[in-house]
Each structure stands twice: as structure tokens, then as C-alpha cells.
Amino acid sequence: MKFTKEDHDAVAAAIRSAEQRTSGQLVCVLAYASSAYAHIPILWASVLALVTPWPLIYFTQWSVQRIFLSQLAVFLITALAFSWMPLRLLLVPKPVQRARAHRAALEQFVLRGISRTRNRTGVLVFVSLAEHYVRIVADEAIAQKVHSSEWQAAVDALTAHMRSGRVAAGLIAAIERCGAVLAEHAPPDGSGNELPDRLYVI
């Protein structure tokens, strides 16, 4: 899924509009995947290659050299097949995917400078497409004032649009919802814009 310049502009405009009503800061990050899961192809290829010789030893009269070549072929073909990301993800347990996506969201919160804003009222809207993961991360000053159900409303708005493939529209809906929450709990105080108004795609 590719994001057009129009999508980027629309998300940036939604952030600017939301921030005009609050002293808080909004940051949007879209990840195609939270991890490369690079170990998965090698792990599964190694397991299957180690299993391959046993049925050949018991049920065939193949030579050691032929069995070894079969084992090598299984490893190479399996590693290549599992390098395809959709298949690779099928082999990663959902709890592992969720943990990787959660960690990526927290890393982006720090990397994008949200934790260094003056009022500590920054909010991250994080989406990881491969893991089907959405997370709203709020800095401490605003997190203390807002119940998790209010952020969940933003998540629900985002995921409702994502189900029909409209990710940009979902991000805008989530930004608008987060903006309304920030406007209520962190009204404007004359502070300037501390973070870029843009969509980060990683």
C-alpha cells in the first residue's frame, strides 16, 4: 500500500487543524511492519532441514551424499520461500507480533521527540500494517487526565476505516478524535508548535 502526496498532505493538514485547538502535540507514524522478523526464515529452514534426513534414512536406500543434498535443498528452498513477508508473518505468533509492534510504538514515541515537549502533552498515533496493530501513546501529563476509553474511541475510528482499506482516512479520523480530547484537557496556552506536522512512514 502506497501513500500519495495527497494522503501525506491531508494527514498533515488534519494535524495542523487539531493542534490549533490545543497546546498538545500530535505525531502520526505509519509502519509497513514493526520488525523484519529476519530470524524466521533461517529458524524454520533449519528445523525442516534437520528433520529431512530421518524419513529418508528409514524409508529409502539413498546414499549419504544424496540425503545431504536433499537436506541442503530443503534448507535453501524453505529459507527462500519464508523470505516472502506474508508467509513469514504467518509463522510469527500473534503475541510476538503484538509485542514487536508495541515496542516499535514506544521507540517512535521517543525518537520523534514527543517525550521532550514542554507541557508533556504530546500524543502519538501509531499504525503497523503488517501486524494489524494500532496504538495511541500519550505523554504523562495528558495520560493522567484522560481515561483509556477516550483513546480507544480514536483507535476504533481508525480501524473502522482500515477495514475498508482507507488508511489515510482512518488516520485523519483518529487525529480529529485525539485533537478533540487534547482540546478538552490541554487547551491552548500560547506555546508554539514544537514538532513537525507530518505523517512519518517507516
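Criteria and cut-off values
Residues numbered from 1 in each chain as written. Predicted model: local features only at pLDDT ≥ 70, side-chain atom pairs only at ≥ 80, totals over all residues. Heavy atoms only, no water. Helix = DSSP H or I, 4+ residues; strand = E, 2+ residues; numbered from the N terminus. Expected span 1.5 Å × (residues − 1). Buried < 20%, exposed > 50% of the residue type's maximum accessible area, 1.4 Å probe, protein only. Arc of directions from axis to C-beta. Contact = heavy atoms within 4.5 Å. Salt bridge = Lys/Arg side-chain N within 4 Å of Asp/Glu carboxyl O. Axes fitted to C-alpha atoms, helices over the stretch in contact; angles between N-to-C directions. Parallel < 35°, antiparallel > 145°, perpendicular 65-115°, else oblique. Left-handed = near helix turned anticlockwise from the far one by under 90°. Pairing = 2+ DSSP bridges.

Asker: Provide a residue-level description of helix α6 (residues 94-111), including the pertinent values.
Answerer: Under the 1.5 Å per step criterion, the end-to-end length of α6 is 25 Å for 18 residues, consistent within 8% with the ideal 26 Å. Those residues of α6 not exposed but buried are Q97, A101, A104, A105, Q108 and F109. Looking straight down α6, one finds that the buried residues subtend no more than 140° of arc, so they occupy a single side. Buried-residue contacts for α6 involve β1 (25-31), α5 (85-90), β2 (122-128) and β3 (133-138).

Asker: Residue-level account of the pattern of salt bridges, with values.
Answerer: Pairs may arise between side chains of opposite charge once their charged atoms sit close together. The final tally for this structure, using the stated rule, is five salt bridges. Two residues, D139 and R120, come together in a salt bridge whose shortest N-O distance is 2.7 Å. A residue pair is termed long-range when its members are at least 10 positions apart, and D139 in the loop between β3 and α7 (140-143) and R120 in the loop between α6 and β2 qualify at 19 residues. In this structure D139 comes out as buried when scored by relative accessible area, which is 3%.

Asker: Tell me what's going on with helix α1 (residues 5-19), and back it up with residues and numbers.
Answerer: Spacing of three or four residues puts side chains on the same side of an α-helix, whose turn is 3.6 residues. Relative to the 21 Å expected for 15 residues at 1.5 Å per residue, α1 spans 21 Å between its end C-alpha atoms, a close match to the ideal helical length. Every buried residue of α1 is accounted for by V11, A12, A14, I15, A18 and E19. Down the axis of α1, the sector holding all buried residues measures 155°, keeping them to one side. Opposite the buried face of α1, at more than 90 degrees from it, the exposed residues are K5 and E6. Where α1 is buried, its residues contact β1, α9 (167-185) and β4 (199-201).

Asker: Mind laying out the packing of helix α8 (residues 148-162) against α9, listing which residues take part and the relevant values?
Answerer: The N-to-C vectors of α8 and α9 enclose an angle of 165°; their axes lie 7 Å apart at closest approach. Relative to α9, the element α8 is oriented roughly antiparallel. Crossing angle aside, the handedness with which α8 passes α9 is right-handed. Here E150, W151, A153, A154, A157, L158, H161 and M162 of α8 come into contact with α9, specifically with V167, A169, G170, L171, A173, A174, R177, C178, V181, E184 and H185.

Asker: An account of the sheet that holds β1 is requested, with residue identities and associated values reported.
Answerer: Spatially, β3-β2-β1-β4 is the arrangement adopted by the four strands of the open sheet, whose pairing is mixed. Two strands close off the open sheet at either side, each with one partner strand: β3 and β4. The average angle at which neighbouring strand axes cross in this sheet is 15°, direction not considered. For β1 and β2, the ladder comprises seven bridges, and the chain directions are parallel. The residue bridging L30 from the neighbouring strand is V127, located in β2. Packing against the sheet, α1 makes contact with β1 and β4, and its axis sits at approximately 155° to β1. On top of the sheet, α9 reaches β1, β2, β3 and β4; it is set at about 155° to β1, its chief contact.

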